[in-house]
Amino acid sequence: MAKEVKNVEYGLEKIFEGAQDFLPLLGTDYVEFYVGNAKQAAHFYKTAFGFQSLAYAGLETGVKDRVSYVLKQDKIRLVLTTPLNSNSPINDHLRKHGDGVKVVALWVEDAKKSFEETVKRGAKPFMEPVVEKDEYGEVVRSGIYTYGETVHMFVERKNYKGAFLPGFKEWKSDYNPTSVGLKFVDHMVGNVGWGEMNQWVKWYEDVMGFVNFLSFDDKQIHTEYSALMSKVMSNGNGRIKFPINEPAEGKKKSQIEEYLDFYEGPGVQHIAVATDNIIKTVTELRARGVEFLSPPPHTYYEEIPARLGVHMDMMKEDLKVIEKLAIMVDADEDGYLLQIFTKPVEDRPTLFFEIIQRMGAKGFGAGNFKALFESIEREQEKRGTL
Ligand code: FE2
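Residues numbered from 1 in each chain as written. Predicted model: local features only at pLDDT ≥ 70, side-chain atom pairs only at ≥ 80, totals over all residues. Heavy atoms only, no water.

Regarding the domain arrangement of the protein
Selection rule: The source of the domain bounds is an automatic or database domain assignment. Two residues qualify as a contact provided that any one of their heavy atoms is within 4.5 Å of a heavy atom in the partner residue. Accessible area that two parts lose when put together, evaluated with a 1.4 Å probe and summed over both, is termed the buried area. When a carboxyl oxygen of Asp or Glu lies within 4 Å of a side-chain nitrogen of Lys or Arg, that pair is called a salt bridge. A 3.5 Å cut-off defines polar contacts: any pair of N or O atoms within that distance qualifies, except that in protein one atom must be a possible hydrogen donor and the other a possible acceptor, and neighbouring residues in sequence count only when both atoms are side-chain atoms. Working definition: helices are DSSP H or I runs of at least four residues, strands are E runs of at least two. Numbering for both runs from the N terminus. The classification used treats Ala, Val, Leu, Ile, Met, Phe, Trp, Tyr, Cys and Pro as nonpolar, Asp, Glu, Lys and Arg as charged, and all other residues, Gly among them, as polar.
Here the protein is partitioned into domain 1 (8–18 + 181–383) and domain 2 (25–170). On a C-alpha basis, the centroid separation for the pair domain 1 and domain 2 is 25 Å. Domain 1 puts 40 residues into the contact, and the matching count from domain 2 is 41 residues. Together, the buried faces of domain 1 and domain 2 total about 3200 Å²; carbon and sulfur atoms form 65% of this surface. On the domain 1 side of the interface with domain 2, the three residues burying the most area are Leu182, Val207 and Tyr263, jointly 17% of the side's total. In this structure, the connection of domain 1 to domain 2 is made through one salt bridge. Two residues, Lys183 and Asp74, come together in a salt bridge whose shortest N-O distance is 3.7 Å. Remark: the boundary between domain 1 and domain 2 carries 14 residue pairs in polar contact (both at pLDDT 80 or more). Of all the secondary structure elements, the ones that give two or more residues to the side of domain 1 that touches domain 2 are β12 (182–191), α4 (197–206), β15 (241–248), α5 (255–263) and β16 (267–275). Tallying contributions element by element places β12 first for the side of domain 1 that touches domain 2, with seven residues. Here the residues of the side of domain 1 that touches domain 2 are counted per class, giving 26 nonpolar, seven polar and seven charged.

Right under this line is the structure:
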């Protein structure tokens, strides 16, 4: 496992030893979804997940071929984009994948340099650096392909003061549901095909300067029926974490294989968003109709004190409330974490969300994998895809 050392050069909190951090990445800038009906999707993310209206681009702003709604909750920005005619190449993405994540945009100091450095290291270009300007300043963006048809955009916005990007106008809505307390993107997970995990691990190492800081094999991640393998990639300052999953052989079909079947290729499996009060956040999300995976059995909650060990004394949350909300708990050497997973947020069983509260722990809930996957398998069973 990569060791953390201080990162003095960029004034950031830490750096993983072995990571190059030549870009460097400052954080997640936005996540763009291609969806069939952005207007309705925006309503869903506002109503159910507590996002606020931020910016808009479409016919009213002079964009003829697509419409984009930008939503914000604390540091999280979602962009929901729909094509406005059959000629748009976005239709090809929608026909193949259904609604899903097209762009994982990364905030950088220098988008031109980020493009040149990554392409020099083997990235497939998606968009050459472009300077976009309006009355609020300028933004430089560039983009490269990652797994499947998913894209990383590099966004340089140090000379920009507008709501989102040039070309977007501020979106003032009369309908403003309150936040549910989501703060920032903690990690985003990619599912890749059989035998492809290590090739993408190497891609993130070579092209992006990331380091592999946690690995789980199919002996660790399995249930009675199915299995998967996962490696967690991080950039140098630890702000960007991308676990990469691939399916593994089991008695029945792995949830990763189900995803690959329905997304028709590799793509983003889940977006984990952080909260500092998961009880309040999940209570609110449930009241607004967000569907979560079925709860682990009561014995899971009985075993928590033993699993948490020394961290149990630190735990402020009431276990009865945690169980009632079906939140899961795990611990590592640094502390504990609380997490819960939604059902897929579109009709194809593909993308879902994780809500996570870290109380010191830096892991991904490995102790919960079995209970989590058994919940997913109960859903797969209902869909006839296990
Ligand atoms: Fe996760």
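Some details on unusual backbone geometry
Glycine aside, the phi torsion of most residues is negative, and most peptide linkages are trans. Formally: The rule is simple: take the accessible area with a 1.4 Å probe, protein chains only, and divide by the maximum for that residue type; under 20% is buried, over 50% is exposed, in between is partly exposed.
With phi around 50 degrees, Asp74 is a residue other than glycine that occupies positive phi space. On the secondary structure map, Asp74 appears in the loop between β5 (66–73) and β6 (76–83). A positive phi angle is found at Glu264, which is not glycine, with a value near 60 degrees. Classification of Glu264 by relative accessible area gives partly exposed; the value is 42%.

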